[in-house]
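Architecture and fold: a report
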Amino acid sequence: MKRFISIVLAMLIMFVPVTAFAGTMENAMSNPAGTGEATIRDHIYSTYTIQIPETIEIDELNDTFNVGLTNDNIEDGYSVEVWITNLDENGAITLTNARDNSTETATISKDIGNGNEQTVNNSEALAYFHHDNVNSSQTQTARINITERGTTAGYYEGTITYCYACVNY
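Values in this document were obtained by computation on a predicted structure and should not be read as measured data. (Residues numbered from 1 in each chain as written. Predicted model: local features only at pLDDT ≥ 70, side-chain atom pairs only at ≥ 80, totals over all residues. Heavy atoms only, no water.)

Attention now moves to the confidence of the model for the chain. The predicted model of the chain has a mean per-residue pLDDT of 85, with 82% of residues at 70 or higher. Across the chain, strand β4 (residues 92-97) holds the top mean pLDDT of 95, while helix α1 (residues 2-15) sits lowest at 63. (pLDDT = per-residue confidence, 0-100. Helix = DSSP H or I, 4+ residues; strand = E, 2+ residues; numbered from the N terminus.)

As structure tokens, this is what we get:
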């Protein structure tokens, strides 16, 4: 008999709905203890592509090269700066003739408009691309100025090392 009653009670428990008395969203919304709100923020960082030729060929007829900024999406208040990082204390680089290791010295200047140029050095960037001046692409022209010409005929070669960053201005 006890067994029969246990089975009947177990079956009743399985088929009888049980209401839980947990707090529900309706209860909280109808009788809130307080309210508030939160701001959701997302940040998309600046993106861009810097273009500098891998090899810059110069001679008496052509001594310029272009630094380009393309595919840009620059934040308000930011600019992209391009710096040459291996200039000596005079803002120069050395080019060497592989045949006899003779050297020549060069400086780099940039076009700043109205036919004027400014020499690039350790405190003056090769190029600045400001957010408010940037569209889908922009180019800065630079010039290689041979300041001390080598004496041996042939090719002279040197390397410029550059870095770039998007900075708050």
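Before going further, it helps to examine the packing of aromatic side chains. How two aromatic rings sit relative to each other is set out by the distance from centre to centre and by the angle between their planes. One pass over the full model with this rule turns up one aromatic pair. Geometrically, the ring pair formed by Tyr-48 and Tyr-164 is edge-to-face, given 6.2 Å between the ring centres and 75° between the ring planes. Of this pair, Tyr-48 sits in strand β1 (residues 47-51) while Tyr-164 is found in strand β10 (residues 162-168), placing the two residues 116 residues apart along the sequence. Taking relative accessible area as the criterion, Tyr-48 reaches 23% and is therefore assigned partly exposed. (Phe/Tyr/Trp six-rings, centres within 6.5 Å; stacked < 30°, edge-to-face > 60°. Buried < 20%, exposed > 50% of the residue type's maximum accessible area, 1.4 Å probe, protein only.)

A separate point is the side chain of Ser-102. The residue Ser-102 is located in the loop between β4 and β5 (103-113) in this model. One polar contact links Ser-102 to Asp-100, side chain to side chain, over a distance of 2.7 Å. In terms of polar contacts, Ser-102 uses its side chain to reach the side chain of Thr-152, at 3.4 Å. Apart from the residues lying within four places of it in its own chain, the contact partners of Ser-102 are Leu-95, Thr-96, Asn-97, Thr-152 and Tyr-156. (Polar contact = N/O pair within 3.5 Å; in protein donor to acceptor, adjacent residues only side chain to side chain. Contact = heavy atoms within 4.5 Å.)

Bringing the sheet that holds β10 into the picture now. Reading across from one edge, β7-β3-β10 is the order of the three strands in this open sheet, with antiparallel pairing throughout. The open sheet has two free edges, formed respectively by β7 (127-130) and β10, since each of these has just one partner strand. Across the sheet, the mean angle separating the axes of adjacent strands is 15° when strand polarity is ignored. (Pairing = 2+ DSSP bridges. Axes fitted to C-alpha atoms, helices over the stretch in contact; angles between N-to-C directions.)

With a phi close to 50°, Asn-71 is a non-glycine residue in the positive phi region. One can find Asn-71 in strand β2 (residues 64-73). Judged by relative accessible area, which is 58%, Asn-71 ranks as exposed. Despite not being glycine, Asn-114 shows a phi value in the positive range, around 55°. Looking at the element boundaries, Asn-114 is found in the loop between β5 and β6 (116-119). By relative accessible area, which is 80% here, Asn-114 ends up exposed.

Pairing of side chains with opposite charge becomes possible as their charged atoms draw close. Under the criterion given, the structure shown has three salt bridges. Arg-143 is paired through a salt bridge with Asp-63; the nearest N and O atoms lie 2.7 Å apart. Of this pair, Arg-143 sits in strand β8 (residues 137-148) while Asp-63 is found in the loop between β1 and β2, placing the two residues 80 residues apart along the sequence. A relative accessible area of 25% means that Arg-143 is categorised as partly exposed. The salt bridge involving Glu-117 is made with Arg-143; its shortest N-O contact spans 2.6 Å. Pair noted here: Glu-117 is in strand β6 and Arg-143 is in strand β8, with a separation of 26 residues, a long-range link. One salt-bridge network, held together by shared partners, links Asp-63, Glu-117 and Arg-143. (Salt bridge = Lys/Arg side-chain N within 4 Å of Asp/Glu carboxyl O.)

Structurally, Gln-140 is set in strand β8. For the pair formed by Gln-140 and Leu-69, sequence separation is 71 residues and the distance between their alpha carbons is 8.6 Å. In terms of polar contacts, Gln-140 uses its side chain to reach the backbone carbonyl oxygen of Asp-111, at 2.5 Å.

Now for the environment of Thr-141. Along the polypeptide, Thr-141 turns up in strand β8. Taking the C-alpha atoms as reference, Thr-141 lies 8.7 Å from Gly-68; in sequence the two are 73 residues apart. Setting aside chain neighbours within four positions, we find Thr-141 in contact with Thr-64, Phe-65, Asn-66, Ser-109, Lys-110 and Asp-111. A polar contact is formed between the side chain of Thr-141 and the side chain of Asn-66, at a distance of 3.1 Å.

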